[in-house]
Amino acid sequence: MKYLLSVLFVVITLSSFAQTQYEVIEKSGRRILKGIINRDLLAKDTSFKWFRQQQEGYTPSTEIVSNIKSKSGEVQYLVFGGTWCGDTRFLLPKFYSLLDAAGVNEDRVSLVAVDYSKKTIGNLSEAFNIRRVPTFIVLKDGKEVGRVVEYGTTGQWDKEISEIVSGIK
């Protein structure tokens, strides 16, 4: 448990200083990122056109936005995804649109990119038991309070994140 909290502290600290520590892997004509990244990197790099394209057309419900907004200053989000992964390419941009609609500050999100083996720098994916991506982990006071893996158990990933957040005391 101490190791897990130490890893989390490192991730949050690195994110709060807006530093990116990642490597770029070129494979089969694809640009794959591995490590701690941020939204701007995806939004501005022409290799990741999917990021802006997938934000279009998604409008979260008022109830979901309200739930996320109500705890916006209390929770952190630790997100694991693969720039090569179709599910990440579809959901991650929408996740950021949801947070934008709820007024969640960028410093509340730590984004970790994994390679094809779902490995990342510093063994973060192993420390957080990441098996599939994207995985959205909701944290409060440095402790995991819930997670949504890929589309969630109901297929309504945004609603499931909202329910985790609204259940926080």
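Check the entry above for the structure.
All values derive from a computational prediction rather than experimental measurement.

Draft legend 1. Up close: helix 4 (residues 62-70). Every buried residue belonging to helix 4 is among Ile64, Val65, Asn67 and Ile68, and all of these are buried. Seen end-on, helix 4 carries its buried residues on one side only, within an arc spanning 160 degrees. Counted as exposed and oriented over 90 degrees from the buried face of helix 4: Thr62, Glu63 and Lys69. Those residues of helix 4 that are buried lie in contact with strand 3 (75-81), helix 5 (86-101) and helix 7 (157-166).

Draft legend 2. A look at the packing of aromatic side chains. Evaluation of the coordinates by the stated rule reveals eleven aromatic pairs. With centroids separated by 6.1 Å and ring planes inclined at 75 degrees, the aromatic side chains of Phe48 and Trp50 adopt a geometry described as edge-to-face. There is no split in this pair, since Phe48 and Trp50 are both buried. Here the basic side chain of Lys94 rests over the ring of Phe90, its NZ or CZ set 3.9 Å away from the ring centre.

Definitions and limits used
- Residues numbered from 1 in each chain as written.
- Predicted model: local features only at pLDDT ≥ 70, side-chain atom pairs only at ≥ 80, totals over all residues.
- Heavy atoms only, no water.
- Buried < 20%, exposed > 50% of the residue type's maximum accessible area, 1.4 Å probe, protein only.
- Helix = DSSP H or I, 4+ residues; strand = E, 2+ residues; numbered from the N terminus.
- Arc of directions from axis to C-beta.
- Contact = heavy atoms within 4.5 Å.
- Phe/Tyr/Trp six-rings, centres within 6.5 Å; stacked < 30°, edge-to-face > 60°.
- Lys NZ or Arg CZ within 6 Å of the ring centre and 35° of its normal.

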